[in-house]
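Chains, contacts and geometry: an overview
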Amino acid sequence: MYILIIVAVVIILIAWVTKDYKTWKALGKGGVPYNLYGWLLVSYYRLKKRDPFTLDIYQDRIGSSEDSIRIGELPYREGNRPKIGIHPVPHRQLDQRPNQEVRQLLQRTFDDYVKDHPTTIHFVKSYYEKRNDAITLREEVKGHPVSEITCGEIAHIHPDDSSMHMVFSPTDASEVIRKGWGERHSLSGSPILGLPDTYLLIYAPRNDAEVDIVRRLVDGAVQHVCQCTNH
């Protein structure tokens, strides 16, 4: 009897591992090895996930020397939030993905922004994602202290789903989450990945108007991290 129970448990476990591994692989490549070892790491990370919507963690720093207001008041994002994968790495959006035209407009928005600010920022391989380019400070030592944590990284696009990660001030991070444009990475503020707690997932834009919002967010993130207004 006990042997049958053990065999049944093993079969169920193998089935769950197989399904979960395939689900994780379907997210695409991220900042961990794209193999069984990477899945094992992420399985451990899942035990450390935090609430991505609470704003309490920012309250003590709003208005402090490390805070700034760069994006101002945002409109509310229409509709429900998109579904996010249960695996924290790679951190990806599963639905409400844009069409090819919007995806191309989003990439041009990032490209044009970097071209317009050549003395402050440039594209380098993402410190966190490892495989795609990120908007990064040219001189991280001259930026906000958070740039020491991110190695100067400010924002990047995920090619698979067109969601993004960006780093904000506490006030701006609160505004983005409150108005429905994004959520905190579930490991932000955790020592596991070294993500600041203002490191947010920005949902993929669904139309041209939402790409305009993304540009505001990029500008606000860059201004905060570089501690500048004219750059």
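Relevant structure appears above.
Please read all numbers here as calculations on a predicted model, not as lab measurements. For every chain, the first residue of the written sequence is number 1, and numbering continues from 1 onward in sequence order. Whole-chain, interface and lining totals are the exception, using all residues; otherwise, since this is a predicted model, local features are given only for residues with pLDDT of at least 70 and side-chain atom pairs are given and counted only at 80 or more. Here the side-chain values reflect all heavy atoms present in the structure, with hydrogen atoms and water set aside.

Overview of the overall build of the protein chain
Rules: Note on conventions: DSSP H or I runs of at least 4 residues are helices, E runs of at least 2 residues are strands, and numbering of each starts at the N terminus. Using C-alpha atoms as the atom set, the radius of gyration is obtained and then compared with a globule rule of 2.2 Å times the number of residues to the power 0.38. Type-normalised accessible area, obtained with a 1.4 Å probe on protein chains alone, sets the label of each residue: buried when under 20%, exposed when over 50%, and partly exposed for intermediate values. Accessibility throughout is a Shrake-Rupley quantity obtained with a 1.4 Å probe, and a residue counts as covered only by protein chains that appear here. His is not counted, nor are the chain ends, whereas Lys and Arg count as positive and Asp and Glu as negative. Charge positions are represented by NZ for Lys, CZ for Arg, CG for Asp and CD for Glu.
Looking only at helices and strands, one finds 6 helices and 6 strands in the protein chain. Written out in order from the N terminus, the α and β elements of the protein chain read α-α-α-β-β-α-β-β-α-β-β-α. Radius of gyration (C-alpha) of the protein chain: 19 Å, near the 17 Å computed for a compact globule of 231 residues. Reported as C-alpha extents along the three principal axes, the dimensions of the protein chain are approximately 75 × 40 × 35 Å. Out of the 231 residues in the protein chain, the part that is buried amounts to 49%. Total accessible area computed for the protein chain in this model is approximately 11600 Å², and 56% of it derives from carbon and sulfur atoms. Within the protein chain, the 29 negative side-chain charges are centred at a point lying 7 Å from the centre of the 29 positive side-chain charges.

Observations concerning the layout of surface pockets
We count it as follows: Put plainly, a pocket is an open set of points on a 1 Å grid over the protein atoms alone with protein on both sides within 12 Å along at least five of seven lines, a cavity is a set where a 1.4 Å probe fits but cannot get out, and a lining residue has an atom within 4 Å of a point. Grid points are joined across faces, edges and corners, and a volume is the space filled by probe spheres set on the points. All residues other than Ala, Val, Leu, Ile, Met, Phe, Trp, Tyr, Cys, Pro, Asp, Glu, Lys and Arg, Gly among them, are scored as polar; the first ten of these are nonpolar and the last four charged.
Estimated volume of the largest pocket: approximately 200 Å³. What lines the largest pocket is a set of 15 residues, among which Gly31, Tyr128, Glu129, Leu193 and Leu195 lie closest to the centre. Split into classes, the residues belonging to the lining of the largest pocket amount to 9 nonpolar, 4 polar and 2 charged.

As for the environment of Thr23
On the secondary structure map, Thr23 appears in helix α1 (residues 2–25). By relative accessible area, Thr23 is classed as partly exposed at 37%. Measuring from C-alpha to C-alpha, the distance between Thr23 and His87 comes to 9.0 Å, with 64 residues separating the pair along the chain.

Focus: helix α2 (residues 36–45)
Keep this limit in mind: Arc definition: it is the arc formed by the directions from the helix axis to the C-beta atoms. We define a polar contact as two N or O atoms separated by no more than 3.5 Å, with the added condition that, inside protein, one atom must be a possible hydrogen donor and the other a possible acceptor, whereas residues neighbouring each other in sequence contribute only through side-chain atom pairs.
Taken together, the buried positions of α2 are occupied by Gly38, Trp39, Val42 and Tyr45. Along α2, the residues classed as buried sweep out an arc of 110 degrees about the axis, all on the same side. One side-chain oxygen of the residue at the start of α2 lies 3.1 Å from the amide nitrogen of Tyr37, identifying that residue as Asn35.

Focus: the packing of helix α3 (residues 100–116) against helix α6 (residues 208–226)
The test is simple: Fitted lines through C-alpha atoms serve as axes, helices being fitted only where they are in contact, and the angles separating the N-to-C directions of these axes extend from 0 to 180 degrees. Between 65 and 115 degrees an angle is taken as roughly perpendicular, under 35 as roughly parallel, over 145 as roughly antiparallel, and anywhere else as oblique. Each crossing gets its hand from how the near helix is turned against the far one by less than a right angle, where anticlockwise is left-handed and clockwise is right-handed. Here a residue-residue contact requires only that any non-hydrogen atoms of the pair lie within 4.5 Å.
The N-to-C vectors of α3 and α6 enclose an angle of 30 degrees; their axes lie 10 Å apart at closest approach. Classified by the angle their axes make, α3 and α6 are roughly parallel. For the crossing formed where α3 meets α6, the hand is right-handed. Residues Val102, Leu105, Leu106, Thr109, Phe110, Tyr113 and Asp116 of α3 pack against Asp208, Val211, Val214, Arg215, Val218, Asp219 and Val222 of α6. The class makeup of the residues in the contact of α3 with α6 is 9 nonpolar, 1 polar and 4 charged.

Observations concerning α3
Which entries qualify depends on this criterion: What a helix is expected to span follows from its residue count: subtract one and scale by 1.5 Å.
Over its 17 residues, α3 extends 24 Å from the first C-alpha to the last, a length consistent with the 24 Å expected when each residue adds 1.5 Å. When we look at burial in α3, the residues that qualify are Val102, Leu106, Thr109, Phe110, Tyr113 and Val114. Within α3, the buried residues cover an arc of 125 degrees as seen down the axis, which keeps them to one side. Exposed residues pointing more than 90 degrees away from the buried face of α3 are listed as Glu101 and Lys115. With a side-chain oxygen positioned 3.2 Å from the backbone nitrogen of Glu101, the residue opening α3 is Asn99.

Topic: the sheet that holds strand β2 (residues 133–137)
Threshold: Paired strands are those between which DSSP finds at least two bridges.
Sheet architecture is open: 6 strands sit in the order β1-β2-β3-β4-β6-β5, paired in antiparallel fashion. Strand pairing shows two members of the sheet lacking a second neighbour, β1 (121–125) and β5 (182–184), which therefore form its edges. Across this sheet, the average inter-strand angle for adjacent strands is 30 degrees, counted without regard to direction. Across 3 bridges, strand β3 (residues 153–157) lies against strand β4 (residues 164–167) in antiparallel orientation. From the neighbouring strand, His156 faces β4, where its bridge partner is His165. Strand contacts of α3: β1, β2, β3 and β4, with the helix running at about 125 degrees to β1, the strand carrying the most contacts. Along the sheet, α6 makes contact with β1, β2, β3, β4 and β6 (199–202), crossing β4 at roughly 35 degrees.

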